[in-house]
Every structure is written in C-alpha cells, then in structure tokens.
Amino acid sequence: MTAVARATKGTKVQKAESPWAQARRRFFAGRQGPWGLAILGVIFFLVIVGPVFAPYHVGEVPKPSEFVFLGRGPSAEHIFGETAQLQLDVFMLVVNGGRASLFIGFVAAVGSIFIGTLVGIIAGYFGGRLDSFLMRLVDVFLAVPSLFVIIVGAKILSALGGTGLQTIIIVFIVFGWMGTARLVRGQVLALREMEFIEAARALGVRPIRIAVRHVLPNAIGPVVVSFPFAVGGAIIGEAFISYLGFGVSALTPTWGNMLSNAEEFLLQGNWWWLGFPGLFIILTSLSVNMIGDALRESLEPEGRRA
Amino acid sequence: MSAVQKSPVSKRASASTSPLLAVKDLSISFRTSRGILKVVDGVSFDLAPGECLAIVGESGSGKTVSAMAIISLLSRNQAIIEGSVAFKGRELVGLSEDELRPIRGGGIGVIFQEPLSALNPVTTIGEQIAEVIVAHRKLSWREAHKLAIGYLEQVEISQPDRRAKQYPHQLSGGMRQRAMIAMALSGEPAMIIADEPTTALDVTIQAQVLDLLRRTTTERGAALLLITHDLGVVAETADRIAVMYAGQIVETGKAANVLREPASPYTRDLVTSIPSFAARGKKLNTITGMVPSPDAFPTGCRFAPRCRYAITACTTAVPPLEPLNDGRLVRCIRTKEVLDGTAAGKRKAPAVKREAAR
C-alpha cells in the first residue's frame, strides 16, 4: 500500500449520493419547488376529491322555467357562486373542468415530450441524413402558423368524430414536440463530443449502451425541466383555444370553455363565474412554472459539482 | 517523404522478434474550412511488449492526434489517416467500428488527460469499470462489479468496495485518475496509451500516479505509450523517447541518450528550457516563437525559423531522419556540428547539463 492509501484509510468514505439524489435534495432545500408542489397538490386534491364534498351535482339541470338571467355570487352553500341561466355551482364546474384541463395538460406534455425526446436522440446520435430529414421536418412544423392549424385541425378531428378532449390533446402533441426535439438533439450533439463518451468508445463499450447509459441520462435534465412548462403551456393553450370556441365543447366543462361561457356575463357583474376558473388557471400555471424553475436550478450542471 | 528507418528496439524488447505495435508512415490530415491540413506527417515508431515509449512535444506537435489515430478515435468525417498501424501484426487503419471494438479496451487501453471529463458524472465508478469488463469478457454484471472492486484495489484506492459505489465528483483528482487507470487496465490490454496522464494533477500526486501507471503495466507485461510534454515524466518512466515537432518526429532513441545528449537543436532547446537546481540563478532558456500551425509549415526543416543553428540549407528540403551511432534517429542536417559544439549559432547556445531532466 502506498502512503496515500494508508493516509486515507482512516478517513470515513462519504456516503455515495447519486447526482439525482443531490438534485432532489437541492429541489426540496429551495423555496420555489416545495411551494409549487404544494399549490399543485392542493389543486389536484380539490379536483380529484372535490366532488365528494360538493353539495351540488353538475348533472342537475333545472327546468327552463327556473333559468335565471343572472348568476348568484359566492354564498355559504355555493362557495364559488352560481352561474347564470342553468344555475350551476361554479365550484363544481371548476373541479370538473380542472379534471379535463389537467388531463389535457399532462397527457399533451407527456406525449409531446416523449416524441420530441425520441426524435432528438435519433437525430443527434445517429446524425447524417436522418438528422437532416428530421430537422427539416421540425422546421416545417415550426413554419406552419400553429394557431390556424390547431383551429382547423380541431375542427377536422371533431368532424371525424373525435371528442373535443381527444382532439385537442392530439393537436397539442402533433404541434408540441419540436422544441423538445431541438433541445434534446442539441444536448446529444454536445454530449457526443464529451470526453467520457469518447472514453467509453475508446475502451470498447457498445454504441447502444453508450446511448442508453451515457448519453440519455446526461441529456435528460433539460427535458425534465421542460416538462412542467409544457404542462402549463398546454393548460393555457386549452383555455385559449376553448375561449375562442374551437376547443372542447361546452358539454364537457374545462377551465377554458368556462371562461368562454362566462365572458358575456362578466359585464353584468358575475365576476365569480369567470374569476374562479381564471384563478385556477393562473395558480396551476404559476405552480408548474415554480416547479420548473426549481428543477432547472437543482439540475444545473454547474451545481452538480458542488 | 523521407525514408523512414526502423526504430531501434530497446534492450527489454530484444527478446521478441516482432513489435507489439508498429506504426509506419502515419500521416493524418483534417478537412477544415481552410482546406485539408496535414497535421501529422510520416510518423513511424515501434512499441515492443512491456516497453514504455514516450512521445514528447509541445502543444500542437501532433502527439495526441497520432496516439488517437492508433485506435481510430478521430472523427471519420474529418480525419484522413494514411500509413499503417499494425497491432500484433494486424492492420488497424481502415477497420470498421465493429472490428475495432474488441481491440479498443481489450487490446489497447486508453487513459485520458482530464479524468473528471473522461468519467461519466452520473454513473458510479464501479459501474464504469464493470462496463469495460463486460465489453471484453463473458462475465455477468454481478461478476464484473466484483472484479471492478479488485481493479480499484490494484490502483491503490482505499475502501474500494465503497469507492466503487461513488460518483466521480466524490473522488479527488488523483483518485479519479487512479479510477481511470483501473478502467484502462480492466480490459487486460497488451498496451496502454496514456495521453498526458498527469497533466491535470497536483505536482504532489503526479509522481504517485506515474509510478502506479508504470508499475501496474510492468506487472502484467503491458506496453505503455506515454504522451507528454513533461520531460521530467519521460526521464522517470520511459525506455525510449520520440520527440515530435510540427507533425514530424525530429529525434527518437533511448530516453537516457536523448535526454543526456540531445542531438537535434529542438530537443536541445527543450531539455535546456527545464528549470533545474544545477542551473539556478541563471536565465532559463526559452525557444523563441511558436509552433507553426499546420497551414503554415515552413518549407525545409520545420524548426528552422526558430532554430539557433539554422543555415540556408535548412530551408530548402525537409531533412531526413538519419541514424546516429547509438541507434538514435535524428532529423537535422547539422547533427554533427550541433553535437561537437562547432555549429555557429545565431544566439549563444546554453550548455546541456549532464543530469538533464530532474
């Protein structure tokens, strides 16, 4: 044994902590991450178990003779107030609408990020003509005015018999993967030149293993960071499209089409009908952005060495 | 191109007839925006089993590129490799990635300069060693992980079983380089290429790591190709030395001979520019100017513009590598005058100290 080996023998070897464990620790040590998670957690709780406590069922539609011209404001019985016309409980609408909105947000984000990551890794790692083809495809999808295509696409898919929910998710995925693809491709291109990839190659490690064990784990950080932002983007996107009247039909409440329905009553003072779904959109978007920022900070490569 | 003589075979290697590695007329060009640049030009050297050859040169002399070309690690789109690299009699130039894979790591191990960037930050040390073992031997992952701990022990890392579960950032620089050596050894290669293995380390650790590298390779009879710019490292470690300048070998022979009495003006300048105790108080010799870039190599001797002994004849043709009595090869037309001190220099030549490198 050399002198060094002897000298270090007595010292306690530090507990092995993976970079992922470190990132997790940094995430929870911050303020944004836990708060973002807490807000999102409350929203999820309300949306999932809310109906259990709700005193009012959405399905209970009053007779046309009972239609009211204006809704009623928040009260002890209806904490978020009631809508005009059908006298629906706004809290129930928000809770049910939240299910649809969050579902759209998460499924669209998972789908578009999965496709984007796949395309990015294939383009970056295998390069050559395949890379050129895939990147031109990205350019084409980015060049199309997406709002127009989303509206037309939603109409076409609805005409083909898709429900509003499916339609909007498919459209968001089809027009949502390009950013991730570019991001991942850039990561992979930079990683391909890294010395540890070269070292693995120099010592005879197989390309598939290099891609899976060395490239992917080092490229995934920015993808993880982009996920919450993608969720928030899809929820806001749904609200926007539905507000314009091209999204999910009014029969399935979402936060977006609630805004659309409530808009004409806002000027008559029915602020709660528009205000509460609006507040939930803002809170959801805020919390996922906080989570995203916290993830970015805890996954930063510079911070990884600390 | 000049005729290239077979390099002298060192004493240790004289028993075996064929060299382990025979590099012949290796030229490497890169496709760049400025056209095709030849960065390595007609380099030849042999490596016998168990021998240590040091390739020495300044940054930009082409030493690392030459070493990486041996196992075709250069980008196939950018680098054009000409000449021959024979490993155990098998030609490596022109092999496909699939054909090279068993040789990389299994026949020739590589140690990189900067162990932190050469180790994957999100994978444990043990996993990275086991990966090389699995790539070259028919072993299960469980067995490979066990063996990896053994290799960490061989490179004198304390508590190897716990270190194996750690990530590169949890190890010190010296330990990382030890882990890198363990990775290179774990394929049980017949030779190891070490590209500036001690450059990124603290001075106090350098000698230990160098000693370890020499010992572990000698123990298993593996040859060592050491790429370095540190003549101190060469003096301690190498049997033979090849000095490169601007993509060509300018002097090669037994390390002791070359360092004690450099025959080419370039090697002479290199040796005299090492600070030493013997020359304390005196002004340190420096080589004026810089290594020319590959698109501006001078005609004739490439060192001529910086050489204190240069005469007009030096700028007309590239001098060939000529043998000396002690088996050395030297690329200089004024070798004789340089050695016996009769060459008139543009500047006063500093005396070569007897105990050249520290």
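Residues numbered from 1 in each chain as written. Chains lettered and ligands numbered in written order. Predicted model: local features only at pLDDT ≥ 70, side-chain atom pairs only at ≥ 80, totals over all residues.

A. Just the overall build of chain B, in detail. Secondary structure summary: chain B contains 13 helices and twelve strands in total. Expected size for 358 residues packed as a compact globule is a radius of gyration near 21 Å; at 21 Å, chain B falls within 12% of this value. In terms of overall dimensions, chain B has C-alpha extents of about 65 × 50 × 45 Å along its principal axes. Across chain B, the fraction of contacts at a sequence separation of at least 24, relative to all contacts at a separation of at least 6, is 67%. (Helix = DSSP H or I, 4+ residues; strand = E, 2+ residues; numbered from the N terminus. Rg over C-alpha atoms; globule rule 2.2 N^0.38 Å. Contact = placed C-beta atoms within 7 Å.)

B. Just the interface of chain B and chain A, in detail. Listed by partner, the interface residues are 37 residues for chain B and 29 residues for chain A. Within the residue set of the side of chain B that touches chain A, elements represented by two or more residues are helix 3 (103-106), strand 6 (108-111), helix 4 (115-118), helix 5 (125-136), helix 7 (160-163) and helix 8 (173-185) of chain B. Broken down by element, the residue count for the side of chain B that touches chain A peaks at four residues, all from helix 5 of chain B. A breakdown of the residues in the side of chain B that touches chain A according to their chemical character gives 14 nonpolar, 15 polar and eight charged. (Nonpolar A, V, L, I, M, F, W, Y, C, P; charged D, E, K, R; others polar.)

C. How the structure looks around unusual backbone geometry. Residue and element names in this part refer to chain B. Notably, Asp-25 is not glycine yet its phi reads approximately 50°, a positive angle. By the secondary structure assignment, Asp-25 is in strand 1 (residues 21-32). Although it is not a glycine, Lys-88 adopts a positive phi angle of roughly 50°. Along the chain, the position of Lys-88 falls in the loop between strand 4 (79-87) and strand 5 (90-91).

D. Expanded view of the sheet that holds strand 4 of chain B. All names here are of chain B. Taking strand neighbours across the sheet as the criterion, the four strands line up as 2-1-4-5 in an open arrangement whose pairing is antiparallel. The open sheet has two edge strands, strand 2 (35-47) and strand 5, and neither has a second partner. Pairing geometry for strand 1 and strand 2, over nine bridges, is antiparallel. Bridging from a neighbouring strand, Val-23 pairs with Phe-45 of strand 2. In the packing of helix 1 (residues 63-70) onto the sheet, the strands contacted are strand 1, strand 2 and strand 4, and the crossing angle to strand 1 comes to about 110°. (Pairing = 2+ DSSP bridges. Axes fitted to C-alpha atoms, helices over the stretch in contact; angles between N-to-C directions.)

The quantities given are spatial measurements derived from coordinates; they are silent on function.
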